[in-house]
Amino acid sequence: MIRLEKRPEPSQNWALATPVLAVLATMVAGGIMFALLGKDPVEAIRTIFWDPLFHPDFAAFSRPQLLVKAGPLILIAIGLSLGFRAGVWNIGAEGQYIIGALCGAGVGLAFYPLEAFWIFPMMVIAGALGGWAWAMIPGILKTRFNTNEILVSLLLVYVAEQLMASMAVGLLRNPEGSGFPGSRNLQQYASAANNELIAGTGMHWGVVAALIAVIFAYILLNRHIMGFNIRLAGQAPRAAKFSGVKPARLILFCLGVSGALAGMAGLFEVAGPAGQITIDFNVGYGFTAIIVAFLGRLHPVGILLAGLLMALTYIGGELAQFMLGLPAAAIQAFQGMLLFFLLAGDVLTNFRIRLGRAEVA
Amino acid sequence: MTHPLLSIQGVTKAYPGVVANDTVSFDIQPGEVHALLGENGAGKSTLVKMIYGLVKPDAGRMELHAAPYEPASPHAARNSGIAMVFQHFSLFEALNVAENVALGMEDPPPMATLAERIREVSETYGLPLDPARLVGDLSAGERQRVEIIRCLLQDPNLLIMDEPTSVLTPQEVDILFETLKKLSAEGTAILYISHKLEEIRTLCDAATVLRLGKVVGACNPREKSARELAEMMVGQLLHTPDKGAKETGDVALAVKDLSVASQNPFGTALKDISFEVRRGEVLGIGGVAGNGQDDLLAALSGEMITPAETVRLGHQPVGALGPNDRRRLGILCAPEERLGHAAAPDMSLTENALLTGAIRESLSKNGFLDWARTRGFAETIIEKFDVRTPGPTHAARSLSGGNLQKFVIGREILQRPEVLVVNQPTWGVDAAAAASIRQALLDLATDGAAIIVISQDLDELMEVADRFAALNEGRLSEPRPTQGLTIDEIGLMMGGAHGMEVAHVA
């Protein structure tokens, strides 16, 4: 008989080991799935994890994609992780990402064709403010009227998508675009473009911002009273209140920061890799970032690594679809397995398994 | 030859790292009131859980009516005629008495029949109870009656009662004892678990004393003094805290006309509470659980904000200030619930030291935390208050209740409060640790702090308090000096038998 027994204290070793074990278990289980689909499992795994970085033909294209994809994931996930630690569930980062992109791009396009060094910084600020404001809607509704932030933030994603569609065909449409939906391409507007900083690396300002966010989050959580209060409120809300934490202020702080970071991620994307506001500008970074945040154990460094890993499975997954003809659903299932094994492994951090004999009656 | 009702023979149960019961043997005779004595952690609960089928013993055997008894579940135990009243009630507040009783039955009769039977049993055994009342509106004593009646409807041979009087006023205790004596006279045996020695001396025919999982003695409690029983339990001579001679100074904390709705829907609103505490004085606030203790603490700690003038520190109105502003001024508190309220279970002791110590111990600068200093503060608490733990990096939940309580109380005392408010400071703490906590509170008062001890343990309040007041349905009685206060007077201050006429046992 197998029993789970609660550990008196969470095990540090297991907390570090489970992500590694989860990746290995995913490779095994994923390999079995690929084999059942009639593909060579070893080749499939290699295509996903190895080829994007080291294949002689593809690596030159796919390696920079790693940072391009990981940047927004990390930036958004860092913001979300603060809220998740405090028990504030912002599920609507996708919407804040869209609004950030709209606001930032809107500011840039308003100055077109003026060339000035301050335009891009202004766009970054506008993007952050846009995301912040969009996150304040669930924040204020929650603190004032005790609404559920999960529902409100999630539903606002769909509002944001509609708003973006209307912008792409209306206010922000490229006047010289021969009637096609979509804004001017910001890549072709030097003062507003978020260009690759070092050629061939995929490194753009959004990646820099993500790295800074990792460092700030680390300091906040480990060295600052605000970070302590966030952790306290998530683990023991009553003790937090006793300690003097004001719940409403904490909720607004967490939603505000995660909204602002998601908004910035949106702006960096629209001014860089995407280039323009289109009807289908968003590709789900805001939702995937939720997985990244948990995969990284809500820890800033963990999120950095998880963001890179998640980006790798995306790029590798696309490569596998293209090279081996694996169905897209198989790749999604593969990514799902990763989260599944991680959460299953988490049990071992707090519980130990006992192979108990049947008890003597 | 008559058989014992239940015979326990060499029963052993081990958990990882601790032997909860080590070859425990004793017999319970039919109709006997048998006391099971021991400190927290002595193994009383484990033993009782084995009898009630919740836990299986590793070794040893039990016999009921001279036949082997191996209950696989509480259900099996109940079918064998064993019933149990737990210390913590399992009742639904939004349902009425009869509905609650029905929920515990295998095959409940129609509601009207059940209500009739409840009324019948409650009259026979002198337990006044109206089957149609909502449990949420009942006092703790009345809720206990629901649990007892639920058991009595099964006609048990053995009734197990776990710390039944901890939630009762002295008058309610009298009613309960009449009932138990009547049951015992009719042949029902009672296994009575308590650490209140005077009660055991009044009620019980036999006693088995457990210490660290082993039976260390059996006696007739009527032939022993309470002190002798206590020393059997603890295994050492007891140290009674001494109240130093002290002078009381100016009024430190004054509460005036404090009325506030409860924080939770079934809580008790505070009504017109007024009192003063002077420097160097200990004010004891008694009362049965659920009469507004938690809300009073919240109103004093700043977790619940009230009009500024209702709470004053010296001359300064503080009612509208939050917990941290009050801490800055010197009002410190230690809530009753250790895990989750006074301390965060999964955080280390260092982090828990920060939880209330950040301001007065200057553990942060411009919001940035000084972990070295915080760790030092945690180490000081651990050392000064003899907290048994390998070190401050360990999680709060890894400590035993008593050790965590010492940590929580020590954390507040070491911050040199002007006013200290503690709720149930020694709840679930072993006798030696309880004595040291009480001594620390008295020492703090001697140094000039004003102390408010909220507790349900009357003996504790008589030991430490200079003045005593009781909370009853959210109202606070006029504080009176503890010296010369009789148990009857205290009972009346606590609300007597909660407005119920004492039923006369036929």
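Please refer to the structure placed before this passage.
Residues numbered from 1 in each chain as written. Chains lettered and ligands numbered in written order. Predicted model: local features only at pLDDT ≥ 70, side-chain atom pairs only at ≥ 80, totals over all residues. Heavy atoms only, no water.

## Some details on the overall build of chain B
Across its full length, chain B holds 16 helices and 23 strands. A globule of 506 residues ought to have a C-alpha radius of gyration of about 23 Å, and chain B, at 24 Å, matches this closely. Taken over 506 residues, chain B has a buried fraction of 57%. Taken as two groups, the 46 positive and 67 negative side-chain charges of chain B have centres that lie 5 Å from each other. (Helix = DSSP H or I, 4+ residues; strand = E, 2+ residues; numbered from the N terminus. Rg over C-alpha atoms; globule rule 2.2 N^0.38 Å. Buried < 20%, exposed > 50% of the residue type's maximum accessible area, 1.4 Å probe, protein only. Lys, Arg positive; Asp, Glu negative; His and termini not counted. Charge placed at Lys NZ, Arg CZ, Asp CG, Glu CD.)

## Details of the overall build of chain A
Counting secondary structure elements, chain A contains 14 helices and 2 strands. Relative to the 2.2 N^0.38 estimate, which gives 21 Å for 361 residues, the radius of gyration of chain A is 22 Å and therefore close to what a compact globule would have. With the principal axes as the frame, chain A shows a C-alpha extent of 85 × 60 × 35 Å. Put simply, chain A has 361 residues, and 52% of those count as buried. Contacts in chain A between residues at least 24 apart in sequence constitute 76% of all its contacts with a sequence separation of at least 6. Looking at chain A as shown, the accessible area adds up to about 16400 Å², and 68% of this sits on carbon and sulfur atoms. Side-chain charges in chain A split into 22 positive and 17 negative, and the spacing between the mean points of these groups amounts to 16 Å. (Contact = heavy atoms within 4.5 Å. Areas by Shrake-Rupley, 256 points an atom, 1.4 Å probe, with all protein chains shown as cover.)

## Considerations on a nonpolar patch on the surface
Together, A:I215, A:Y218, A:I219, A:V301, A:L305 and B:F368 give the surface a local cluster of nonpolar side chains, amounting to about 550 Å² of exposed area. Listing elements by their share of the nonpolar patch, those giving two or more residues are helix 8 (205–223) and helix 13 (300–324) of chain A. Per-element accounting of the nonpolar patch gives the leading share, 3 residues, to helix 8 of chain A. Summarising the element assignment, A:Y218 is placed in helix 8. (Patch = residues over 30% accessible without salt bridge, like charges linked within 9 Å, V, L, I, M, F, W, Y side chains within 5 Å. Salt bridge = Lys/Arg side-chain N within 4 Å of Asp/Glu carboxyl O.)

## Notes on the layout of surface pockets
Residue and element names in this part refer to chain A. Counted as a void, the second largest pocket has a volume near 1900 Å³. Lining the second largest pocket are 49 residues, and of these Q12, A15, R85, R297 and H299 lie nearest its centre. Top element by residues in the lining of the second largest pocket is helix 1 (residues 12–36). It accounts for 7 residues. Among the residues forming the lining of the second largest pocket, the class breakdown is 25 nonpolar, 14 polar and 10 charged. (1 Å grid on protein atoms, 1.4 Å probe; cavity = no way out; pocket = protein on both sides within 12 Å on 5 of 7 lines; lining within 4 Å. Points joined across faces, edges and corners; volume = space filled by probe spheres on them. Nonpolar A, V, L, I, M, F, W, Y, C, P; charged D, E, K, R; others polar.)

## Regarding the sheet that holds strand 1 (residues 6–15) of chain B
The strands that make up a sheet pair up through hydrogen bonds in the backbone, lying either parallel or antiparallel. All names here are of chain B. Read from one edge of the open sheet, 4 strands run 2-1-4-5, paired in antiparallel fashion. Either end of the sheet is taken by a strand with one partner, and the two such strands are strand 2 (18–28) and strand 5 (67–68). Across 2 bridges, the pairing between strand 4 (residues 59–64) and strand 5 is antiparallel. Bridged to L64 within strand 5 is A67. (Pairing = 2+ DSSP bridges.)

## Regarding the packing of helix 8 of chain A against helix 11 (residues 247–271) of chain A
All names here are of chain A. In the contact formed by helix 8 and helix 11, the axes pass within 9 Å of each other and the chain directions differ by 160°. Considering their axes alone, helix 8 and helix 11 lie roughly antiparallel with respect to each other. Of the two possible hands of crossing, helix 8 and helix 11 adopt the one that is left-handed. In contact with W205, G206, A209 and L220 of helix 8, helix 11 contributes F253, M264 and F268. A breakdown of the residues in the contact of helix 8 with helix 11 according to their chemical character gives 6 nonpolar, 1 polar and no charged. (Axes fitted to C-alpha atoms, helices over the stretch in contact; angles between N-to-C directions. Parallel < 35°, antiparallel > 145°, perpendicular 65-115°, else oblique. Left-handed = near helix turned anticlockwise from the far one by under 90°.)

## Thoughts on the interface of chain A and chain B
As a measure of interface size, the accessible area lost when the parts come together is often cited. In this assembly, 26 residues from chain A lie in contact with 39 residues from chain B. Summing both sides of the interface, chain A and chain B together bury roughly 2800 Å²; the carbon and sulfur share of this comes to 56%. At the surface where chain A touches chain B, the tally comes to 1 salt bridge. A:R231 is the partner of B:E351 in a salt bridge, and the nearest nitrogen-oxygen pair spans 2.6 Å. Looking at the side of chain A that touches chain B, the elements that each hand over two or more residues are strand 1 (2–6), helix 8, helix 9 (225–235) and helix 10 (237–243) of chain A. Among the residues making up the side of chain A that touches chain B, the classes are represented as 11 nonpolar, 6 polar and 9 charged. (Buried area = accessible area lost by both parts, 1.4 Å probe.)

## Details of empty space enclosed by the protein
Following the criterion strictly, the structure yields 2 cavities of 30 Å³ or more and no others. Residue lining of the largest cavity: B:L127, B:G141, B:Q144, B:R145, B:I148, B:L168, B:E172, B:I175 and B:L176, and that is the complete set. If you list the elements that add at least two residues to the lining of the largest cavity, you get helix 5 (140–152) and helix 6 (170–185) of chain B. Sort the elements by how many residues they give to the lining of the largest cavity and helix 5 of chain B lands first, with 4 residues. A per-class count over the lining of the largest cavity returns 5 nonpolar, 2 polar and 2 charged. Taken as a whole, the second largest cavity encloses approximately 30 Å³ of empty space. Taken together, A:G71, A:P72, A:L75, A:H204, A:G206, A:V207, A:A265, A:F268 and A:E269 form the lining of the second largest cavity. Considering only residue class, the lining of the second largest cavity consists of 5 nonpolar, 3 polar and 1 charged.

## Quick notes on the pairing of strand 13 (residues 282–286) of chain B
All names here are of chain B. The element strand 13 is largely enclosed, with a buried count of 5 among its 5 residues. Across the two faces of strand 13 the burial is the same, with V282, G284 and G286 and L283 and I285 all buried. Pairing geometry for strand 13 and strand 20 (residues 450–454), over 4 bridges, is parallel. Paired with G284 across the bridge in strand 20 is V453. Inspection of the sheet shows strand 13 paired to strand 21 (residues 467–472) by 4 bridges, in the parallel sense.

## Observations regarding unusual backbone geometry
The omega torsion across A:Y112 and A:P113 is 5°, close enough to zero to call that bond cis. In this fold, A:P113 is placed in the loop between helix 5 (93–111) and helix 6 (119–145). For B:T23, which is not glycine, the phi dihedral falls at a positive 35°. Along the chain, B:T23 turns up in strand 2. Despite not being glycine, B:R416 shows a phi value in the positive range, around 50°. Within the element layout of this structure, B:R416 appears in the loop between helix 13 (401–413) and strand 19 (419–423). Look at B:R416 and you get exposed, because its relative accessible area is 52%.

## Concerning the pattern of salt bridges
Residue and element names in this part refer to chain B. Under the defined criterion, the tally for this structure stands at 30 salt bridges over all chains. Residue R143 pairs with E93 through a salt bridge whose shortest N-O separation is 2.9 Å. Here the residue R143 occupies a position in helix 5, and E93 occupies one in the loop between strand 6 (82–85) and helix 3 (97–103), the gap between them amounting to 50 residues. You can call R143 buried: its relative accessible area is 16%. Assessed through its relative accessible area of 26%, E93 is described here as partly exposed. Notably, a salt bridge pairs K256 with D257, separated by 3.4 Å at the nearest N-O pair. Among the residues examined, K256 registers a relative accessible area of 53% and is labelled exposed.

Note that all results are geometric; they support no functional claim without further evidence.
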